[in-house]
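Below are the chains, spelled out letter by letter.
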Amino acid sequence: MKILVINCGSSSLKFQLIDSDTEKCLAKGLCERIGIEGSMITYAPEGGEKEKTQTPMPDHTEAIRLVLEALTNPKTGVVGSLEEIQAVGHRVVHGGEKFAESVVIDDKVLKAVEECNDLAPLHNPANLIGIDACRKLMPETPMVAVFDTAFHQTMPEEAYLYGIPYDYYRNYKIRRYGFHGTSHSYVSKKAAETLGKRYEDLKIIVCHLGNGASVSAVKNGRCVDTSMGLTPLEGLIMGTRSGDIDPAIVEFLAKKEHKSLEEIMTVLNRQSGVLGLSENLSSDFRDLEAGYHSGNEGAVRAMKTFSYRVAKYIGAYTAAMNGVDVICFTAGVGENAPLVRSFVCEYLGYLGVALDPEANNKRGEDIVISTPDSATTVMVIPTNEELAIARETVRLVQP
Ligand code: ADP
């Protein structure tokens, strides 16, 4: 089957067309500045030239129309007609407690997703606009929603509750939800498969370290804890997000700097993390690694503090699962920054972790980076959220 995977933001839209039989990406691209002047579509067919075209996109319907036009273009397209696209998989950020699994989209589902909007006010409305635009242009094509939160819905109450009055959970559903679920699920399954072991028999910790970053504990094939919370701000130190802080810092900072709540949230979401720790050197680990090697103090501080937090979560999740068999690194930093992986693993002597330095320097493969006699296996598994969404879509729409 040919599956179109859509990841729709408020002013951007990423897409991939995936052949689910070969699991190969046939074409991918990005629409940027939707609804803003200077809209642009980037389209890259597999094995062909990437093309960027500036063209007006007043709304998401027009953006999707252009995507479909590019995919069916007689010269550079990869399908003869729209009928060849048999289903569409949509990434949806927040499914709240309503969705513990992916679902085929209908009006009832859309209403339930809409009810989750106040949990993800920046993301869910944009995801819904993308779904709506697709349904307008492909009314007969089945569509599936794949939620970032769904994989984490198996967490037990003691892992998802916060220590605040229970009424806030009852009334407003304030609890830990977790994000990057599609990636945590894909990577943990892939780790078991690569090792030739049963998923149900393993205790796995997945460190998804990208610009946004989260850790999850997957015990016997079910997520039992994860580091992001009600929102993606909690947990690890990220590119620009603070991760865990003492909540009293919010009030302290508001008074000291005469900032409003919104301004403080901007600091915590956009000016913190390794960017803030490195005194604005960069949120990108490529720059931080270069800075580290040239002895830049901010880069050293940011990388050490970032890695320490990851190691601390690994310790917590080892306790949560009463042990760990496999630790996986994934996403932009996890897959490409051997220095970060080695810093993290330096803390894991108590787990008998022994890193193989040569394997740790390899890139872009599903690979074991610990030595054969390491008591805990450490792996790098490149994530592929689009493929995971395509698989889910096929699973649900195939008769
Ligand atoms: P997201 O999906 O959260 O935007 P990604 O998983 O794509 O993030 O990760 C992006 C981050 O990965 C970049 O900001 C950068 O810090 C890091 N990264 C990408 N390539 C490299 C590399 N070659 N070396 C070190 N870090 C890298």
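Residues numbered from 1 in each chain as written. Predicted model: local features only at pLDDT ≥ 70, side-chain atom pairs only at ≥ 80, totals over all residues. Heavy atoms only, no water.

(A) Expanded view of the overall build of the protein chain. On a plain count of helices and strands, the protein chain comes out with 15 helices and 14 strands. In terms of its C-alpha atoms, the protein chain occupies a principal-axis envelope of roughly 55 × 55 × 45 Å. Burial status across the protein chain gives 50% buried among its 399 residues. Summed over its atoms, the accessible surface of the protein chain is roughly 18700 Å², and 50% of this surface lies on carbon and sulfur atoms. For the protein chain, the centre of its 41 positive side-chain charges and the centre of its 53 negative side-chain charges are spaced 2 Å apart. (Helix = DSSP H or I, 4+ residues; strand = E, 2+ residues; numbered from the N terminus. Buried < 20%, exposed > 50% of the residue type's maximum accessible area, 1.4 Å probe, protein only. Areas by Shrake-Rupley, 256 points an atom, 1.4 Å probe, with all protein chains shown as cover. Lys, Arg positive; Asp, Glu negative; His and termini not counted. Charge placed at Lys NZ, Arg CZ, Asp CG, Glu CD.)

(B) Geometry of the nonpolar core. Formed by 45 residues in total, the largest nonpolar core has its most connected members in I205, C207, L209, I314, I327 and V340. Of all the elements in the fold, those that place two or more residues in this core are strand 9 (203–209), strand 10 (213–219), helix 10 (285–293), helix 11 (297–321), strand 12 (326–330), helix 13 (338–346) and strand 14 (377–380). For this core, the leading source of residues is helix 11, giving 10 residues. Sequence-distant contacts of L209, defined by excluding residues within four places in its chain, comprise L236, F306, V310, F329, T330, A331, G332, V333, G334 and V340. (Core = buried A, V, L, I, M, F, W, Y, C linked by side-chain atoms within 4.5 Å. Contact = heavy atoms within 4.5 Å.)

(C) Just unusual backbone geometry, in detail. Even without being glycine, E23 reaches a positive phi, approximately 60°. Examined against the element boundaries, E23 turns out to sit in the loop between strand 2 (13–19) and strand 3 (24–32). On the basis of relative accessibility, which here comes to 34%, the residue E23 falls in the partly exposed class. At H180, a position not held by glycine, the phi torsion is positive, near 60°. Accessibility expressed as a relative area gives 11% for H180, which makes it buried.

(D) Quick peek at the side chain of N124. Along the chain, the position of N124 falls in helix 3 (residues 124–137). Among the polar contacts made by the side chain of N124, one reaches the main-chain carbonyl oxygen of H94 at a distance of 2.8 Å. Those residues in contact with N124, other than ones at most four positions away along the chain, are V92, V93, H94, V113, C116 and N117. (Polar contact = N/O pair within 3.5 Å; in protein donor to acceptor, adjacent residues only side chain to side chain.)

(E) Here's a closer look at the side chain of D19. Here D19 lies in strand 2. Of the side chains with opposite charge, K2 comes closest to the buried, unpaired D19, at an N-O distance of 5.5 Å. Residues in contact with D19, not counting those within four places in the same chain, are M1, K24 and L26. (Salt bridge = Lys/Arg side-chain N within 4 Å of Asp/Glu carboxyl O.)

(F) Representation of the pattern of salt bridges within the structure. For the coordinates displayed, the defined rule picks out 22 salt bridges. In this structure, R65 and E62 form a salt bridge, with 3.0 Å as the shortest nitrogen-oxygen distance. Placement of both R65 and E62 in helix 1 (residues 60–72) is noted, with a separation of 3 residues, approximately one turn of the helix. One salt bridge connects E279 with R301, and the closest N-O pair in it is separated by 3.7 Å. With E279 in the loop between helix 9 (273–277) and helix 10 and R301 in helix 11, this pair connects stretches of sequence that are 22 residues apart. For R301, a relative accessible area of 31% translates into the label partly exposed. One connected set of salt bridges, linked through shared partners, spans E62, R65 and E69.

(G) Up close: the site of the ligand. Every residue close to the ligand is listed here: G210, N211, G212, D284, F285, R286, E289, A331, G332, V333, N336 and R363. Between the ligand and G212, the relevant distance is 3.2 Å, taken from an oxygen atom to a main-chain nitrogen or oxygen of the residue. In the complex, 67% of the free accessible area of the ligand, which totals 580 Å², lies under the protein chains. Elements that contribute at least two residues to the shell around the ligand include exactly helix 10 and helix 12 (331–336). At 4 residues, helix 12 tops the list of elements feeding residues into the shell around the ligand. When its residues are assigned to classes, the shell around the ligand shows 3 nonpolar, 5 polar and 4 charged. (Near = heavy atom within 4 Å. Nonpolar A, V, L, I, M, F, W, Y, C, P; charged D, E, K, R; others polar.)

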